[in-house]
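Listed below, chain by chain, are the residues.
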Amino acid sequence: MKAPLYLVLATVFWSGNFVVGQAAVASMTPLDLTFWRWMLAAVPLLILAQVIEKPDWRAVLRRWPVLLLLSVLGMSGYTLLLYGALGYTSAMNASLITAANPALIVLMAIVLLGERTTRLGWLGICLGLLGVLLVLTTGDLGRIFSLSINTGELLMIGATVVWGFYTIIARRLDVPPVAATAVQVVIAAVMLAPFAVALNVEFPDTPAEGWSLAYIAVFPSLGAYLFWNLALKTTPPGTAGNYLNLMVVFTAAITVALGTPLTLVQVVGGLLVIAGVLLTGIKGQAKLKVA
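Conventions used here
- Residues numbered from 1 in each chain as written.
- Predicted model: local features only at pLDDT ≥ 70, side-chain atom pairs only at ≥ 80, totals over all residues.
- Heavy atoms only, no water.
- Helix = DSSP H or I, 4+ residues; strand = E, 2+ residues; numbered from the N terminus.
- Phe/Tyr/Trp six-rings, centres within 6.5 Å; stacked < 30°, edge-to-face > 60°.
- Buried < 20%, exposed > 50% of the residue type's maximum accessible area, 1.4 Å probe, protein only.
- Expected span 1.5 Å × (residues − 1).
- Arc of directions from axis to C-beta.
- Salt bridge = Lys/Arg side-chain N within 4 Å of Asp/Glu carboxyl O.

Draft legend 1. Here's a closer look at unusual backbone geometry. Of note, K54 is a non-glycine position whose phi angle comes to about 45 degrees, a positive value. Residue placement: K54 occurs in the loop between α2 (30-52) and α3 (57-61). Located in the positive-phi region is N200, a residue other than glycine, with phi close to 55 degrees. Looking at where N200 falls in the secondary structure, it is placed in the loop between α10 (177-198) and α11 (207-232).

Have a look at this one:
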């Protein structure tokens with residue numbers, strides 16, 4: 001019963017990251033946000049891992065190749081792409097594209113892991129794709145053929161693909177989840193440090209930037225990744241990915257509460273994405289088998 005709660009909390013925290021991140025990139029670069037996010041989260045996560053799990057750190061570090069890969073994908077790659085995208089597109093559009101990730105994860109599991117899905121599962125994948133395409137083209141599907149899609153939305157598509165790989169690989173990692181998350185964060189901070197020095201990344205110097213970074217460091221970084229990895233220990237990737245559709249609901253609620261209205265295309269696209277996720281996760285995965 002804990003896993004669903006963990007997944008809901010992770011999606012709530014990540015939903016806030018879309019809105020706060022969009023405001024933060026107005027004055028901070030994606031590298032600024034990504035570097036300080038992981039620098040500030042690294043030590044608290046290591047302490048949490050030691051207190052909660054008391055892991056055998058030597059055994060954990062023996063899995064450094066896969067932890068390095070996960071760090072590059074989930075901590076550095078996904079985060080840089082996300083904040084880069086938020087400089088060009090809205091938090092709502094970014095969350096709508098992310099909401100198609102459950103169907104993408106199921107599709108990747110079929111291709112990479114040999115899993116099978118039902119006809120309803122395939123219908124769900126198609127509906128989710130249609131919903132995302134509506135959002136990407138603002139209702140004019142003809143734009144697909146002219147390739148006139150917003151740069152931010154293209155970056156967000158890349159981010160969802162990266163996250164799909166992260167979820168599938170993380171599910172098979174036999175390392176305590178908090179320790180795994182902590183090591184991935186430390187690796188990301190160390191790898192990004194030379195770039196931060198070379199590009200003269202500075203600590204936020206205004207209250208607004210400071211509060212934005214504080215939220216990002218605590219909730220999407222510590223909380224969301226911790227809860228996500230805890231849930232993945234007992235939850236299949238496709239099922240966990242299903243919860244990402246809640247980000248549309250939470251982001252929409254935050255966006256409307258802050259006074260930004262939703263467009264009809266966003267509403268229709270979001271409903272299609274959610275319908276696709278439900279079909280893929282509830283009906284489509286009921287008969288999943290490993291080939």
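Draft legend 2. Inspection of the packing of aromatic side chains at higher detail. All chains considered together, the criterion is met by 11 aromatic pairs. A centroid spacing of 5.7 Å and a plane angle of 55 degrees characterise the contact between W163 and W228, whose relative ring orientation is tilted. Separated by 65 residues along the polypeptide, W163 in helix α9 (residues 151-171) and W228 in helix α11 bring together distant segments of the chain. With relative accessibility at 4%, the residue W163 sits in the buried group.

Draft legend 3. Quick peek at helix α13 (residues 246-257). For α13, spanning 12 residues, the distance from its first C-alpha to its last is 17 Å, which sits close to the expected 16 Å at 1.5 Å a residue. Residues of α13 that are buried: M247, V248, T251, A252 and T255. With its buried residues spanning 125 degrees around the axis, α13 presents them on a single face. In the stretch just after α13, G259 is the one whose phi turns positive, near 95 degrees.

Draft legend 4. Local environment of the pattern of salt bridges. Per the counting criterion, the structure on display carries one salt bridge. Residues R63 and D174 are paired through a salt bridge, measuring 2.1 Å at the closest nitrogen-oxygen approach. Of this pair, R63 sits in the loop between α3 and α4 (64-86) while D174 sits in the loop between α9 and α10, and the two are 111 residues apart along the sequence. Here R63 falls in the partly exposed class, since its relative accessible area comes to 29%.

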